[in-house]
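Residue-level structural notes
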Amino acid sequence: MFKMVTTLMRGRSHDAVEAFADANALSILRQQLRDAADGLEKAKRAVAVVIAYAARERQTAARIAGQIGDLETRAMDAIRQGRDDLATEAAAAIAELEAEQAAVARAIAHYDTEIRGLREQVGLAGQRLRALQRGKQIADACDRTQKLRGTMPRGVPASLREAEETLERLRSRQEHAEEVEIALSDLSVDTNAGATAARMAAAGCGAPLRPDAAQVLDRLRAQAH
């Protein structure tokens, strides 16, 4: 039982940590990127320091090479002059300089190897950081969009639909009113034309529009016979 309770507590603690991380993921990402950028700048400075060390060793190597060349020239002159003592002293100094030269060469080779590796690591880290920064920009844009989407009141879409339906009904009524006006206009034209024709028929202009009583009586008498 105790083990089960302990497991439950650990599970809830883990869930709480996960929920906190999810809720603050963007802020955490921003700080992680700031830390990574700071670390990358420190790494670049470290590479610059190693490059400076290598440059100093190259200067030392050049100085030693110059000393060796000068002593070799002087030793040759001493040998030609029969001064073996001076030539021997110069040879000893040259030997010490050559040993130092070899040590400096090894240091330069070591620095060059380290510089190549560090530059490669810094370059890859810079690429990864830039990719993460681009991803953060996308995440920022999505976060702002989600926040803007969340600010719209829930009733807005329904109100918009209702307004669209009202507008559609208004348009339908307006179209119907226009059709009624057109029909009334046509009726007015027809009525006016009919009244004019009736007045003209009554005045004896053209055929009568409707039979009168005398005409009906004459037709009935003819049918009776």
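The shown structure was predicted, so the numbers you read here are calculated from the model rather than taken from an experiment.

Thresholds, definitions, all that
Residues numbered from 1 in each chain as written. Predicted model: local features only at pLDDT ≥ 70, side-chain atom pairs only at ≥ 80, totals over all residues. Heavy atoms only, no water. Helix = DSSP H or I, 4+ residues; strand = E, 2+ residues; numbered from the N terminus. Buried < 20%, exposed > 50% of the residue type's maximum accessible area, 1.4 Å probe, protein only. Contact = heavy atoms within 4.5 Å. Core = buried A, V, L, I, M, F, W, Y, C linked by side-chain atoms within 4.5 Å. Salt bridge = Lys/Arg side-chain N within 4 Å of Asp/Glu carboxyl O. Patch = residues over 30% accessible without salt bridge, like charges linked within 9 Å, V, L, I, M, F, W, Y side chains within 5 Å. Areas by Shrake-Rupley, 256 points an atom, 1.4 Å probe, with all protein chains shown as cover. Lys, Arg positive; Asp, Glu negative; His and termini not counted. Charge placed at Lys NZ, Arg CZ, Asp CG, Glu CD. Expected span 1.5 Å × (residues − 1). pLDDT = per-residue confidence, 0-100.

**Details of the overall build of the chain**
Looking only at helices and strands, one finds five helices and zero strands in the chain. Mapped from its N terminus to its C terminus, the chain presents α and β elements in the order α-α-α-α-α. A total of 225 residues make up the chain; the buried ones form 12% of that total. Restricting to contacts in the chain with at least 6 residues of sequence separation, those with at least 24 account for 76%.

**Considerations on the nonpolar core**
Counting residues in each nonpolar core, the largest one holds seven residues, listed as Ala61, Ile64, Ile68, Ile94, Leu97, Val104 and Ile108. Those elements that place two or more of their residues in this core are α2 (25-80) and α3 (84-151). Of all the elements, α3 adds the most residues to this core, at four residues. Residues within four places of Ala61 in sequence aside, it is in contact with Val104 and Ile108. Listed in part, the five residues of the second largest apolar core include Leu40, Val47, Val122 and Leu129.

**Examining the pattern of salt bridges**
The final tally for this structure, using the stated rule, is six salt bridges. The partner of Asp112 in a salt bridge is Arg58, and the shortest N-O contact between them spans 2.7 Å. With a gap of 54 residues between them, Asp112 in helix α3 and Arg58 in helix α2 connect regions that are remote in the sequence. A residue is classified by how much of its surface remains accessible, and Arg58, at 40% relative accessible area, is partly exposed.

**Observations regarding a negative patch on the surface**
Side chains of Glu168, Glu175, Glu178 and Glu179 sit close together on the surface and give a patch of like negative charge. With respect to the element layout, Glu178 can be found in helix α4 (residues 155-202).

**Points about α2**
When the terminal C-alpha atoms of α2 are compared, their 82 Å separation across 56 residues agrees well with the 82 Å that a helix rising 1.5 Å per residue should span. Directly after α2, the chain includes Gly82, whose backbone phi takes a positive value near 75°.

**Quick notes on the side chain of Glu57**
Along the polypeptide, Glu57 turns up in helix α2. No salt bridge forms around the buried Glu57; measuring N to O, its nearest opposite-charge neighbour Arg56 is 5.1 Å away. Setting aside residues no more than four positions away along its own chain, Glu57 makes contact with Val104, Ala107, Ile108 and Tyr111.

**With respect to the confidence of the model for the chain**
Per-residue confidence for the chain gives a mean pLDDT of 77, with 64% of residues at or over 70. Ranking the elements of the chain by mean pLDDT puts helix α1 (residues 2-23) last, at 57, and α2 first, at 90.

**Considerations on the side chain of Thr60**
Relative to the assigned elements, Thr60 resides in helix α2. The residues contacting Thr60, other than those within four sequence positions of it, are Glu100 and Val104.

**Considerations on the environment of Ala25**
Of note, Ala25 is situated in helix α2. It is 10.0 Å that separates the C-alpha atoms of Ala25 and Ala139, two residues lying 114 residues apart in sequence.

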